[in-house]
Amino acid sequence: MHTAEELSKVLKVLADPTRLTMLKQMQDGEQCACSFVDCFDISQPAISRHLKMMRQVGLLLERRDKQWIHYRLNEASPFYSIVVDLLGQVEMIDASCDCDAECAI
């Protein structure tokens, strides 16, 4: 069981369509932060803010590789099963994302 406060914080993070789409993309595996900048029509600082919010509630893990940061779903999160169930209801948008080949996984 989760406290109402903990669950409320996670649900607030999940309430944003951009963050839900980012999480859906990470469901298939690790993603470089730069790929999100290429996929969404928003600035890099805005992408960073979204990623920070998801990290702060424990939904994401990050891995640094030189100047690139790669993100993945945190399977150890107590909210992981809730997130996966929710993402199963999210329609995936086929975005053509062009990420710099140097940051590719």
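Because the structure is predicted, anything quoted here is derived from the model rather than measured.

Visitor: How do you make sense of the environment of Tyr71 when you look at a structure like this?
Guide: Mapped onto the elements, Tyr71 comes out in strand 3 (residues 68–73). What makes Tyr71 buried here is its relative accessible area of 5%. Sequence separation of Tyr71 and Leu51 is 20 residues, and the distance between their C-alpha atoms is 8.4 Å. The residues touching Tyr71, leaving out its near neighbours within four places in the chain, are Met26, Gly29, Glu30, Gln31, Ala33, Leu51, Arg55, Leu60, Leu61 and Glu62.

Visitor: I would appreciate a short explanation of the pattern of salt bridges in the present structure.
Guide: Side-chain pairing between opposite charges can occur once the charged atoms of the two side chains come close. In the structure shown here, the tally under the stated rule is 5 salt bridges. With a closest N to O distance of 2.6 Å, Glu30 and Arg63 form a salt bridge. Taken together, the positions of Glu30 in the loop between helix 2 (17–26) and strand 1 (31–32) and Arg63 in strand 2 (residues 60–65) put the pair 33 residues apart, joining distant regions of the chain. Residue Arg72 pairs with Glu30 through a salt bridge whose shortest N-O separation is 3.7 Å. Note that Arg72 is positioned in strand 3 and Glu30 in the loop between helix 2 and strand 1, a separation of 42 residues in sequence. Assessed through its relative accessible area of 32%, Arg72 is described here as partly exposed.

Visitor: Sorry, what's going on with the layout of surface pockets here?
Guide: Sizing a probe to match a water molecule and rolling it over the atoms shows the empty space that remains. Within this model, the largest pocket holds a volume of roughly 170 Å³. Considering the residues around the largest pocket, the lining is formed by 13 residues, among which Ala33, Cys34, Gln44, Ser48 and Ile69 are closest to the centre. Mapped by element, the contributors of at least two residues to the lining of the largest pocket are helix 3 (33–39), helix 4 (44–56) and strand 3. Ranked by the residues each element gives to the lining of the largest pocket, the list is headed by helix 4, at 5 residues. Tallied by class, the residues present in the lining of the largest pocket amount to 9 nonpolar, 3 polar and 1 charged.

How each quantity is defined
Residues numbered from 1 in each chain as written. Predicted model: local features only at pLDDT ≥ 70, side-chain atom pairs only at ≥ 80, totals over all residues. Heavy atoms only, no water. Helix = DSSP H or I, 4+ residues; strand = E, 2+ residues; numbered from the N terminus. Buried < 20%, exposed > 50% of the residue type's maximum accessible area, 1.4 Å probe, protein only. Contact = heavy atoms within 4.5 Å. Salt bridge = Lys/Arg side-chain N within 4 Å of Asp/Glu carboxyl O. 1 Å grid on protein atoms, 1.4 Å probe; cavity = no way out; pocket = protein on both sides within 12 Å on 5 of 7 lines; lining within 4 Å. Points joined across faces, edges and corners; volume = space filled by probe spheres on them. Nonpolar A, V, L, I, M, F, W, Y, C, P; charged D, E, K, R; others polar.

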